[in-house]
Amino acid sequence: MSTATKQIEELANTEYKYGFVTDTEQDIIPVGLDEDVVRLISSKKGEPEWLLEWRLKAFRAWLKMEEPHWQNVTYAPIDYQGVSYYAAPSEKKKLNSLDEVDPEIRATFDKLGIPIEEQKLLSNVAVDAVFDSVSVATTFRSKLAELGIIFCPFSEAVKDYPELVKQYVGSVVPHTDNYFAALNSAVFSDGSFVYIPKGVRCPMELSTYFRINAKNTGQFERTLIIADEGATVSYLEGCTAPMRDENQLHAAVVELVAHKDATIKYSTVQNWYPGDRNGKGGIYNFVTKRGICKGDRSKITWTQVETGSAVTWKYPSCILQGNDSVGEFYSVAVTNNFQQADTGTKMIHLGKNTRSTIVSKGISAGRGQNTYRGAVKIGKNASNARNYSQCDSLLIGDRCGAHTFPYLEIKNTTAKVEHEASTSKIGEDQIFYCESRGISKEDAINMIVSGFCKEVFRELPMEFAVEAQKLLGISLEGSVG
Amino acid sequence: MLQVKNLKVRVEDREILKGINLTVNKGEVHAIMGPNGSGKSTFARALSGHPGYEVTEGEVLYNGQDLLDMDPDERAREGVFMAFQYPVEIPGVNNAYFLKAALNAKRKQAGVDELDAIDFMKLVKEKLKLLHVDDSLLQRSVNEGFSGGEKKRNEIFHMAVLEPTLALLDETDSGLDIDALRVVSEGVNAMRSPDRAFIVVTHYQRLLNYIVPDFVHVLSDGKIVRSGGRELALELEEKGYAGQTAAGARK
């Protein structure tokens, strides 16, 4: 057995660091899903009639759809009737300060190192922490409000800004878009809502931490970000989840809308429980993320570092409708042990002079399977569209796999599309070279992997880049004993 | 400083070194010469701890310690340095960052304070000047897209920064034109000191015109068949290895 393979064996023995369960009394509705459940969710949240109708439309559409199986992953069948579709911490009275938050929940956040504390807030991070389905605390909102920026839980936006929600929800990812998006539209619990008004540059990174913590409770986050004309915003999303034996379904929807001259940067670090070293447990992460560059010269950048989940299925995409609009996708996906990822992006060029860039780095270790799946579509009116795609795969050990499925659909002859792909193995030679300089094997692997991911890490906000590198370290930890 | 006793090394089930004995003292430069396949590079790589080289017998003492018992990175931190025949590319890893990590790993082991970025850069600039190496090497990824000459210069630059006690040069001259050879050799000569020893593995005597050895050893079929002073290298250049192999066989 090669050294690298041995390292992965050892790596496989590393326990998931964030696996613990918080014992908080929860308000959970019984398992199962039918129209009454959808109505119950809506009424628990005190939603207006139009939103209930929208949920029901989605639910009826979902009933007629079939779960997709074209992706390059395998998992045990999901019992949609065995899941509870709503859970909320039982104390639901309005909180005026963080001191009022349930100490158990606070402790959980502390263990995760979630920056809800004052110090962190002073360092310019506004945190909207979602504990299971209901937002527990939202901070910095008054400061943002002075600029006209809205950053609040989705459920609050429904109450306080119904016109905005009504106008945009489902406008990028329709309720009939796909099986999981339809399910989300029917039963979504909460999520974040962001609106940046015309000409405003959001002065801080907006960040949300999600955490799944109720047994048998699917998570159905829904996030909507709107950048009005000339607005700029950078949004960070980071996740960890406690250790569970059952597979947990997570089907989120994220919609981004960038108007004329607006810029949205959406960054994700995802470290949900990946299952144990035998492939038992772990999160099913079936996410629909899509942004539309609606206006001319608008820009959307997706950056993701995916290290967790048992199964990942997501394609953060851009619809480049405005002329001269820009879409970017930077991704690092790590699969280890029995993890599977089928991820990539879709760049849909509709406007003139639209440009897109795709940089995907897949790292496979253990028996991990990593698939890049990307589509570049150039519409017939999209003259002078440009795309550059680069897909690199790194293999650690000899039992993992990397797969690349690029799809191109070009209907305009002025388009220029480039695709580069590479697959490499962390060589014993590279590791030995580092060692011969006095660098330990573990540091060597981290260094080589970080080097491989550099083009993606530099797209992350500084603070997140550090966190991402740490997560990568944790994911590959133990690989060298 | 280094005592090699009856060292036998196997590579993929083939015995390459069949009992090497060698003593190297502080301040000495030893050249290991020999025809292709004689085991010269195997010797250097085995001393550096390369995982593909299995020691089946023998003993190596380095400053009184059992060298063979140490992991490769441990050996490096204890002052053994290997300049590679084929330096390895590490894409995306900044050369200066890499070297700083290496130096600080060594300093940490020695119980010395780690250098911060400013002090490290100061040291690096000094070494670059000493070696007449362009500082563009610093900002590039480790060996990535380097020409053959740049790679070898980078090896010597690493050596200068890490200041080893025992430096192993594995065919450092291979693939170098005469100008690059001169630059590399001058670097090595600048590093010569009473506290530091070199083992220079080379096929050609021409390197030894620049790096003048104290001792020359001829390796043939996994054994040292002749040892001598510098003049031995000159004799080899004139007569070739064929005679040596025969001479070794006659012994």
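Note: the structure precedes this text.
Residues numbered from 1 in each chain as written. Chains lettered and ligands numbered in written order. Predicted model: local features only at pLDDT ≥ 70, side-chain atom pairs only at ≥ 80, totals over all residues.

1. Focus on the overall build of chain A
Then step 1. Across its full length, chain A holds 12 helices and 23 strands.
Then step 2. Taking all 481 residues of chain A together, the buried fraction comes to 56%.
Then step 3. In chain A, the proportion of contacts linking residues at least 24 apart, taken out of those at least 6 apart, comes to 84%. (Helix = DSSP H or I, 4+ residues; strand = E, 2+ residues; numbered from the N terminus. Buried ≥ 20, exposed ≤ 12 C-beta atoms within 10 Å, placed from the backbone. Contact = placed C-beta atoms within 7 Å.)

2. Focus: the overall build of chain B
Then step 1. From N to C terminus, chain B includes 10 helices and 12 strands.
Then step 2. For 251 residues, the compact-globule estimate of 2.2 N^0.38 gives 18 Å, and the C-alpha radius of gyration of chain B, at 18 Å, lies within 12% of that figure.
Then step 3. With the principal axes as the frame, chain B shows a C-alpha extent of 60 × 40 × 35 Å.
Then step 4. Counting all 251 residues of chain B, 44% fall into the buried class.
Then step 5. For chain B, the proportion of contacts with a sequence separation of at least 24, taken over those separated by at least 6, is 72%. (Rg over C-alpha atoms; globule rule 2.2 N^0.38 Å.)

3. Section: the environment of glutamate 66 of chain A
Then step 1. Following the sequence through the fold, glutamate 66 of chain A ends up in the loop between helix 3 (49-64) and strand 2 (87-89).
Then step 2. Sequence-wise, glutamate 66 of chain A and glutamine 340 of chain A are 274 residues apart; in three dimensions their C-alpha atoms are separated by 21 Å.

4. With respect to unusual backbone geometry
As a rule of thumb, non-glycine residues mostly have phi less than zero, and peptide bonds are mostly trans rather than cis.
Residues and elements named next belong to chain B.
Then step 1. Of note, the phi angle at glutamate 163 is positive, near 45°, even though the residue is not glycine.
Then step 2. You can see glutamate 163 is positioned in the loop between helix 6 (148-162) and strand 9 (166-170).
Then step 3. What makes glutamate 163 partly exposed here is the crowd of 17 C-beta atoms within 10 Å.
Then step 4. In this model, aspartate 221 sits at a positive phi of 50°, which is unusual for a non-glycine residue.
Then step 5. Its location among the elements puts aspartate 221 in the loop between strand 11 (215-220) and strand 12 (223-228).

5. Overview of the interface of chain B and chain A
Then step 1. Contacts between the two partners involve 21 residues from chain B, matched on the other side by 19 residues from chain A.
Then step 2. Mapped by element, the contributors of at least two residues to the side of chain B that touches chain A are helix 2 (72-77), strand 7 (90-94), helix 3 (95-109) and helix 6 of chain B.
Then step 3. Looking at side-chain class alone, the side of chain B that touches chain A contains 13 nonpolar, 5 polar and 3 charged residues. (Nonpolar A, V, L, I, M, F, W, Y, C, P; charged D, E, K, R; others polar.)

6. Regarding the sheet that holds strand 5 (residues 65-66) of chain B
All names here are of chain B.
Then step 1. Spatial ordering of the open sheet is given by 2-1-4-5, a layout of 4 strands whose pairing is antiparallel. The open sheet has two edge strands, strand 2 (14-24) and strand 5, and neither has a second partner.
Then step 2. In this sheet, strand 4 (residues 54-62) lies alongside strand 1 (residues 2-11) in antiparallel orientation, the contact comprising 7 bridges. Among the inter-strand pairings, glutamine 3 is bridged to a residue of strand 4, identified as leucine 61.
Then step 3. The sheet strands contacting helix 1 (residues 40-48) are strand 1, strand 2 and strand 4, and the helix crosses strand 2 at an angle near 75°. (Pairing = 2+ DSSP bridges. Axes fitted to C-alpha atoms, helices over the stretch in contact; angles between N-to-C directions.)

7. Concerning helix 1 of chain B
Residues and elements named next belong to chain B.
Then step 1. Counting buried residues along helix 1, 9 of its 9 residues qualify, which places the element largely inside the surrounding structure.
Then step 2. What helix 1 keeps buried is the set Lys40, Ser41, Thr42, Phe43, Ala44, Arg45, Ala46, Leu47 and Ser48.
Then step 3. At the C-terminal side of helix 1, glycine 49 shows a positive phi close to 95°.

8. Some thoughts on helix 11 (residues 441-457) of chain A
Residues and elements named next belong to chain A.
Then step 1. Counted at 1.5 Å a residue, the expected span for helix 11 with its 17 residues is 24 Å, and the 22 Å between its end C-alpha atoms agrees.
Then step 2. In helix 11, a bend of some 40° at glycine 451 exceeds every other bend along the element.
Then step 3. When helix 11 is considered as a whole, its buried residues turn out to be Lys441, Ala444, Ile445, Asn446, Met447, Ile448, Val449, Gly451, Phe452, Cys453, Val456 and Phe457. (Expected span 1.5 Å × (residues − 1). Bend = angle between axes of the 7 residues up to and from the residue.)

9. A short note on the environment of leucine 115 of chain B
Residues and elements named next belong to chain B.
Then step 1. When you line up the elements, leucine 115 lands in the loop between helix 3 and helix 4 (117-131).
Then step 2. Of the residues examined, leucine 115 has 16 C-beta atoms within 10 Å and is grouped as partly exposed.
Then step 3. Discounting residues that sit within four places of it in the chain, leucine 115 has contacts with Leu103, Asn104, Arg107, Phe120 and Leu123.

10. Quick look at the sheet that holds strand 11 of chain B
Two orientations exist for strands paired in a sheet by backbone hydrogen bonds: parallel and antiparallel.
All names here are of chain B.
Then step 1. Strands sit in the order 6-9-10-3-11-12 across an open sheet of 6 strands; the sheet is mixed. Each edge of the open sheet carries a strand with a single partner, namely strand 6 (80-83) and strand 12. On average, each strand axis in the sheet is tilted by 20° relative to the strand beside it, whichever way the strands run.
Then step 2. Docked against the sheet, helix 6 engages strand 6 and strand 9, running at close to 165° with respect to strand 6.

11. Comments concerning the nonpolar core
Inside soluble globular proteins, nonpolar side chains tend to come together where they are buried.
Then step 1. If you look at the biggest cluster of nonpolar residues, it comprises 183 residues, and the most contacted ones within it are Val194 and Val233 of chain A together with Leu168 and Val200 of chain B.
Then step 2. The leading source of residues in this core is helix 11 of chain A, at 9 residues.
Then step 3. Each residue touching valine 233 of chain A, except ones within four places of it in the same chain, is listed here: Val194, Ile196, Cys202, Leu206, Ile225, Ala227 and Ile264 of chain A. (Core = buried A, V, L, I, M, F, W, Y, C linked by C-beta atoms within 7 Å.)

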